[in-house]
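# Residue-level structural notes
Single-letter residue listing:
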There are 2 protein chains.
Amino acid sequence: MADSAPPATATRSERKHAAIVAAAAAVFLETGYDRASMDEIAARSGVSKQTVYKHFSSKDLLFVAVVTEMMDQAGAAVHQAPPQLRDRAELEAFLLDYGVRIQTVALTPGLMQLRRLVISEVQRFPELARELYARGAGRAIGAMGALFETLRDDGLLAFEDVAETASQLNWLLMGEPINRVMMLGNEAIPTPAEIKRHTGAAVATFLAAFLHPDQR
Amino acid sequence: MADSAPPATATRSERKHAAIVAAAAAVFLETGYDRASMDEIAARSGVSKQTVYKHFSSKDLLFVAVVTEMMDQAGAAVHQAPPQLRDRAELEAFLLDYGVRIQTVALTPGLMQLRRLVISEVQRFPELARELYARGAGRAIGAMGALFETLRDDGLLAFEDVAETASQLNWLLMGEPINRVMMLGNEAIPTPAEIKRHTGAAVATFLAAFLHPDQR
DNA sequence: TCCAAACTGAACTAGACCGTTCAGTTCCGT
DNA sequence: ACGGAACTGAACGGTCTAGTTCAGTTTGGA
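Presented here is a report on the structure given in the accompanying data block. Because the structure is predicted, anything quoted here is derived from the model rather than measured.

### Let's talk about the protein's contact with DNA strand C
- What surrounds DNA strand C is a group of 21 residues, the closest being S48 and T51 of chain A together with M38, K49 and Q50 of chain B.
- Considering the 4 Å shell around the protein, atoms of DNA strand C inside it are sugar or phosphate in 63% of instances.
- In this structure, H55 of chain A approaches DNA strand C through a side-chain N or O atom, which is 3.3 Å from a phosphate oxygen.
- Where the surface near DNA strand C is concerned, the elements lending two or more residues are helix 1 (12–35) and helix 3 (49–55) of chain A together with helix 1 (12–35), helix 2 (38–45) and helix 3 (49–55) of chain B.
- Residue composition of the surface near DNA strand C, by class: 4 nonpolar, 9 polar and 8 charged.

What follows is the structure, given as structure tokens:
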């Protein structure tokens, strides 16, 4: 019910460890930290409670380990190499592709629920929220900023504040859907067609503001 | 410790009612729904537990009443009449003022914590989250869209999709700060100077994209 | 093959908390 | 001023949970 198929070659202890993390992730995401019961996590792992406490000496530590693991998995799906962009058309095509991709990856039931979970425990586990922010918006904005500086050098973009500019693109793309889905629930996750339309509008606004005058 | 000075002219029952709501708001905001204890709410209200249950027959109902009340109070602080804007300079000045004002009102420790609280209970009380979204971003975008249509009629703005355009302004302004503060905590609330700078950048981008060509 | 480490299953401690109850007191409208 | 409604304070039932303990079983490396 909560397996991610750990390799059968692992030792028994490793298999149990993975099963506990997987079951705990499911239970925490479904019920939140407070209502998640260690007994249910043990039952769903197919493991005794004793064993759960052998691997994770408290509910707090298990929670931190589980959330960190989920962030690792989510982060692994996002990376990509910086592209070579020669003119306005290539830039626009890249931004459209990037916008669709980042929304498709981020607006996932699991990631949105993880976000809600982390926010709901921001007081008790502030370092988890910091980490999620750093790996999400922080990372995206940083990487985009680096790309923008080369594009400015190439005379494709014109702007003053890199961080502000990259942040504006990010929130033109993500602000509306991420906040709507957070509040209205995962049923409000946009369809691919909606993502494409919204991305087109956001990229148009961005280019109207930051495309270098020579490129128009 | 949690009083909002209910008028002394009210009946005893009304005073107790108000005290319960105020104390419950504080406790729910501090600890979240699950960890909030009815005993502590009663104690902080200066009221017996029996009386709490006389006014609110369950923790659920008390929570809904308290959150609704907080949303009412927050919503009352936002309204304003649609302005008359004649040229580019007036429009720009209005947008700068609007941007600063909406951020100043929304990026408040109480409102941010209310947002976290509602998000953390989105599964159990989806109607509260829907309501908060409708009264927050939904209302702001709707009102701004109505204004934008008159500005288009007046030849000040040029755009295709009203809702998308109003949403873009909203998230250019609010996306970055609201999401950063949600994750990094209320210590990350921007200073007035930061709000002003960020608003200037957002409004510049918006006008670059949507100011009518005749107005440049 | 053998033994230490890991695991099982179940019981148990200790505490929190919702919602109820009760006997007695205070308030307020008529 | 009086009677009913609201309130107090404390206790209690019932349920749930984190974490521990224990006696016995399984596993896997040397």
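### Regarding helix 2 of chain B
Residues and elements named next belong to chain B.
- The set of residues buried in helix 2 consists of M38, I41, A42 and S45. End-on, the buried residues of helix 2 take up no more than an arc of 100°, which puts them together on one face.
- For helix 2, the capping residue at the N-terminal end is S37, with a side-chain oxygen 3.1 Å from the backbone nitrogen of D39.
- Looking one or two places after helix 2, you find G46, whose phi comes out positive at around 70°.

### Focus: the interface of chain A and chain B
- The partner chain B presents 41 residues to the 39 residues of chain A that form the contact.
- Of the roughly 3400 Å² buried at the junction of chain A and chain B (both faces included), carbon and sulfur atoms supply 59%.
- At the boundary of chain A and chain B, one finds 7 salt bridges.
- Notably, a salt bridge pairs R197 of chain A with D161 of chain B, separated by 3.7 Å at the nearest N-O pair.
- Taken together, the elements giving at least two residues each to the side of chain A that touches chain B come down to helix 1, helix 6 (109–120), helix 7 (126–153), helix 8 (162–184) and helix 9 (192–210) of chain A.
- No other element matches the 13 residues that helix 8 of chain A contributes to the side of chain A that touches chain B.
- When its residues are assigned to classes, the side of chain A that touches chain B shows 18 nonpolar, 9 polar and 12 charged.

### Digging into the protein's contact with DNA strand D
- Within the structure, DNA strand D sits among 20 residues, and K49 and Q50 of chain A together with K16, S48 and T51 of chain B are positioned closest to it.
- The share of sugar and phosphate among atoms of DNA strand D within 4 Å of the protein is 62%.
- Interatomic distance of 2.8 Å between a side-chain N/O atom of K59 of chain A and a phosphate oxygen of DNA strand D.
- At 3.3 Å from a phosphate oxygen of DNA strand D is found a side-chain nitrogen or oxygen belonging to H55 of chain B.
- Of all the secondary structure elements, the ones that give two or more residues to the surface near DNA strand D are helix 1 and helix 3 of chain A together with helix 1 and helix 3 of chain B.
- In terms of residue count, helix 3 of chain B provides more of the surface near DNA strand D than any other element does, 4 residues in total.

### Describing the packing of aromatic side chains
Residues and elements named next belong to chain A.
- Counting across every chain of the model gives 18 aromatic pairs over all chains.
- Taking the centre distance of 6.3 Å and the plane angle of 50° together, the rings of F148 and F159 count as tilted. Remark: F159 occurs in the loop between helix 7 and helix 8 and F148 occurs in helix 7; sequence separation between them is 11 residues.
- Put simply, the rings of F28, Y33, F63 and F125 touch in pairs and so form one group of aromatic residues.
- Here the guanidinium or amino end of K59 rests over the ring plane of Y33, the centre of that ring lying 4.7 Å away.

### A look at the pattern of salt bridges
- In total, this model carries 29 salt bridges over all chains according to the counting rule given.
- Among the salt bridges present, the one from E121 of chain B reaches R35 of chain A, with a minimum N-O distance of 3.3 Å. Of this pair, E121 of chain B sits in the loop between helix 6 (109–120) and helix 7 (126–153) while R35 of chain A is found in helix 1, placing the two residues in two different chains.
- What makes R35 of chain A partly exposed here is its relative accessible area of 36%.
- Residues D72 of chain A and R135 of chain A are paired through a salt bridge, measuring 2.5 Å at the closest nitrogen-oxygen approach.

### Brief notes about empty space enclosed by the protein
- Counted by the stated rule, this structure contains 2 cavities of 30 Å³ or more.
- Contributing to the lining of the largest cavity are R115, I119, N179 and M182 of chain A together with R115, I119, N179, M182 and M183 of chain B.
- When contributions to the lining of the largest cavity are tallied by element, the ones reaching two or more residues are helix 6 and helix 8 of chain A together with helix 6 and helix 8 (162–184) of chain B.
- Looking at the lining of the largest cavity, the element that brings in the most residues is helix 8 of chain B, giving 3 residues.
- Considered class by class, the residues forming the lining of the largest cavity number 5 nonpolar, 2 polar and 2 charged.

Rules used throughout
- Residues numbered from 1 in each chain as written.
- Chains lettered and ligands numbered in written order.
- Predicted model: local features only at pLDDT ≥ 70, side-chain atom pairs only at ≥ 80, totals over all residues.
- Heavy atoms only, no water.
- Near = heavy atom within 4 Å.
- Polar contact = N/O pair within 3.5 Å; in protein donor to acceptor, adjacent residues only side chain to side chain.
- Helix = DSSP H or I, 4+ residues; strand = E, 2+ residues; numbered from the N terminus.
- Nonpolar A, V, L, I, M, F, W, Y, C, P; charged D, E, K, R; others polar.
- Buried < 20%, exposed > 50% of the residue type's maximum accessible area, 1.4 Å probe, protein only.
- Arc of directions from axis to C-beta.
- Contact = heavy atoms within 4.5 Å.
- Buried area = accessible area lost by both parts, 1.4 Å probe.
- Salt bridge = Lys/Arg side-chain N within 4 Å of Asp/Glu carboxyl O.
- Phe/Tyr/Trp six-rings, centres within 6.5 Å; stacked < 30°, edge-to-face > 60°.
- Lys NZ or Arg CZ within 6 Å of the ring centre and 35° of its normal.
- 1 Å grid on protein atoms, 1.4 Å probe; cavity = no way out; pocket = protein on both sides within 12 Å on 5 of 7 lines; lining within 4 Å.
- Points joined across faces, edges and corners; volume = space filled by probe spheres on them.

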